[in-house]
Amino acid sequence: MTAINFRYLSEQDMIAAGVTDIARCTDVMEEALILLRNGDYMMAGEHGNSHGAMITFPEVPVHAGMPCDGPDRRFMAMPAYLGGRFGTTGVKWYGSNTANRAKGLPRSIHLFTLNDTDTGAPLAIMSANLLSAYRTGAVPGVGVKHLAREDAKIAAVVGPGVIAKSVIDATLTLRPGIDTVRIKGRSAAGVESFAAYIRENFPQVANVVAAETIEEAIADADIVMATTSTDIEGSGAFPYFPASAIKPGALFLLPAAARFDDDFVINQARLVLDARGLYDAWAEEYDTQAYELLGIPGTHFHDLMREGKLPESKLEEIADVATGKIPARRNNEEIILYSVGGMPIEDVAWATDLYRSAEQQDLGQVLNLWQTPVLA
């Protein structure tokens, strides 16, 4: 049996398979993060914890035809194996360029290849923009599921972009009692577009309002999501969240750039990571520049730990919360900062789940790689 077929899934096929089902995706991400905590995975890098491999370009290329550097301009490959019921291997490959928006295209264009772990044969090639966006929102969703107050009423969004849509989907799905969302964006048009998205998809939210400042947005907010892209000017330009404006008991979802006072981080906040190994790998790859380049707050928590300013025990993992190893909420007043870096095992998990749904429903197109390989 030497023939190899694989399934091609377009974006519409992915929607039919359930890619936008944020509640289902959150459960899958929880399962994946527990497998990660148990060590049943492999990613790139010397210790199997790397986010992936990236190509960037020089500011002034010396070769004709080579692109120059620009905002969020890069290519990236993110490979991983995930065990458990998944048992598959895959890679997300994407190109990114902020200038795409002027062409009517997303900033990043993603493709995912899922492979049989034993033979390496492709199982599926799938459109991955929605795959990536929804798993990115569902990992914060695991935090909402376990760490947010059950009686949450007010949510705040700082950075109303594409990723914020999947994070707000998870938040409002898992805490349906939220009736107010405050939005702080860079432009009135961006804020109104995001507000329209909430009104259309979550009519139970009675109050969707624009905020002029971060302090105004997060006042009395039970859940705050920081979803602003990393600024090339570095951490000094990241959205700043003063401790004086934060409500006791608030949960911060942090999949993007954000800045807090060190004293608040060290002495007042509870710190939860999606996976400790990812931050160890970033420290190896970027050293002290990880936070400046990536913006993910957990990289700064890790810096503080390595500097001896933060006890290692303060860096908790969400999988330990999900499995009951450590408490979800110790009290209703604690402020929790949940840092989310994003890992390729998450793409593998969601891609595998959707591929199996596509197989059951016979979605997409089955394509032939070969009947018999010419070289064997």
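Residues numbered from 1 in each chain as written. Predicted model: local features only at pLDDT ≥ 70, side-chain atom pairs only at ≥ 80, totals over all residues. Heavy atoms only, no water.

*Asks:* For this particular structure, what's the right way to read the overall build of the protein?
*Replies:* The helix and strand tally for the protein stands at 12 helices and 16 strands. Scaling as 2.2 N^0.38, a compact globule of 376 residues should have a C-alpha radius of gyration of about 21 Å, and the protein matches this with 21 Å. Over its C-alpha atoms, taken along the principal directions, the protein stretches across nearly 70 × 50 × 45 Å. The proportion of buried residues among the 376 residues of the protein is 54%. Once local pairs closer than 6 in sequence are excluded, the contacts in the protein between residues at least 24 apart make up 74%. As displayed, the protein has an accessible area near 16,400 Å², and 52% of this comes from carbon and sulfur atoms. (Helix = DSSP H or I, 4+ residues; strand = E, 2+ residues; numbered from the N terminus. Rg over C-alpha atoms; globule rule 2.2 N^0.38 Å. Buried < 20%, exposed > 50% of the residue type's maximum accessible area, 1.4 Å probe, protein only. Contact = heavy atoms within 4.5 Å. Areas by Shrake-Rupley, 256 points an atom, 1.4 Å probe, with all protein chains shown as cover.)

*Asks:* Where do I start with helix α2 (residues 22-37) in this structure?
*Replies:* Compared with an ideal rise of 1.5 Å per residue, which puts 16 residues at 22 Å, α2 spans 22 Å between its outermost C-alpha atoms and is within 8% of the ideal. Taken together, the buried positions of α2 are occupied by I22, C25, T26, V28, M29, E30, A32, L33, L35 and L36. Directly beyond the C-terminal end of α2, a positive phi value near 85° is found at G39. (Expected span 1.5 Å × (residues − 1).)

*Asks:* Quick question: what am I supposed to make of the sheet that holds strand β12 (residues 251-254) here?
*Replies:* Within a sheet, adjacent strands bond to each other through the backbone by hydrogen bonds, running parallel or antiparallel. Strand order in the open sheet formed by eight strands is β10-β9-β8-β11-β12-β15-β13-β14, with parallel pairing between adjacent strands. Taken across any chain shown, the strands that pair with only one partner, and hence form the sheet edges, are β10 (207-210) and β14 (315-317). Geometrically, the sheet is characterised by an average inter-axis angle of 20° between neighbouring strands, direction not taken into account. Two elements, strand β8 (residues 154-158) and strand β11 (residues 223-226), share four bridges in a ladder whose sense is parallel. Across the sheet, the residue bridging to V158 is A226, located in β11. Across the sheet, helix α4 (residues 162-174) is in contact with β8, β9 (180-184), β11 and β12; its angle to β11 comes to roughly 165°. (Pairing = 2+ DSSP bridges. Axes fitted to C-alpha atoms, helices over the stretch in contact; angles between N-to-C directions.)

*Asks:* Can you walk me through a nonpolar patch on the surface in this structure?
*Replies:* A cluster of nonpolar side chains, contributed by I55, F75 and W93, occupies part of the molecular surface with about 280 Å² of accessible area. Along the polypeptide, I55 turns up in strand β3 (residues 53-55). (Patch = residues over 30% accessible without salt bridge, like charges linked within 9 Å, V, L, I, M, F, W, Y side chains within 5 Å. Salt bridge = Lys/Arg side-chain N within 4 Å of Asp/Glu carboxyl O.)

*Asks:* Mind showing me how you'd approach the nonpolar core here?
*Replies:* Soluble globular proteins tend to pack their nonpolar side chains together in the buried interior. Counting residues in hydrophobic clusters, the biggest one holds 108 residues, and the most contacted among them are V181, I198, F241, F252, F260, L337 and Y338. If we skip the residues at most four places from it in the chain, I198 touches I168, L172, V181, I183, P203, V205 and V208. (Core = buried A, V, L, I, M, F, W, Y, C linked by side-chain atoms within 4.5 Å.)

*Asks:* Before we go on, may I ask you to explain the environment of A138 in this structure?
*Replies:* Note that A138 resides in helix α3 (residues 129-147). Separated by 23 residues in the primary sequence, A138 and G161 place their C-alpha atoms 16 Å from one another.

*Asks:* Even after reading the chapter, I still don't get the side chain of E30, so can you show me in this structure?
*Replies:* Checked against the element boundaries, E30 lands in helix α2. We classify E30 as buried; its relative accessible area is 11%. Those residues in contact with E30 that lie beyond four places of it in its chain are V142, K145, H146 and A322.

*Asks:* Help me out: how do you make sense of the pattern of salt bridges in this one?
*Replies:* When the charged atoms of two side chains lie near each other, side chains of opposite charge can form a pair. Tallied over the entire structure, the rule returns 26 salt bridges. When the shortest N-O distance is used, the salt bridge between D27 and K145 registers 3.2 Å. Of this pair, D27 sits in helix α2 while K145 sits in helix α3, and the two are 118 residues apart along the sequence. You can call D27 partly exposed: its relative accessible area is 43%. A salt bridge links D72 to R107; the shortest N-O distance between them is 2.4 Å. Placement of the pair is D72 in the loop between β3 and β4 (74-82) and R107 in the loop between β5 (88-96) and β6 (108-116), with a sequence separation of 35 residues. With relative accessibility at 24%, the residue R107 sits in the partly exposed group. Because the salt bridges share partners, they merge into one network encompassing R24, E31, R85 and D353.

*Asks:* I'm lost on the packing of α2 against helix α12 (residues 344-361) in this one. Help?
*Replies:* The description of two helices packed together rests on the angle between their axes and the distance between the axes. For the pair α2 and α12, interaxial distance at closest approach is 9 Å and the crossing angle is 130°. Judged by the angle between their axes, α2 and α12 are oblique. In this structure, α2 meets α12 at a crossing whose hand is right-handed. Residues R24, C25, V28, M29, A32, L33 and L36 of α2 form the contact with α12, whose participating residues are I345, E346, A349, W350, D353, L354 and S357. Looking at the contact of α2 with α12 residue by residue, the class counts come to 10 nonpolar, one polar and three charged. (Parallel < 35°, antiparallel > 145°, perpendicular 65-115°, else oblique. Left-handed = near helix turned anticlockwise from the far one by under 90°. Nonpolar A, V, L, I, M, F, W, Y, C, P; charged D, E, K, R; others polar.)

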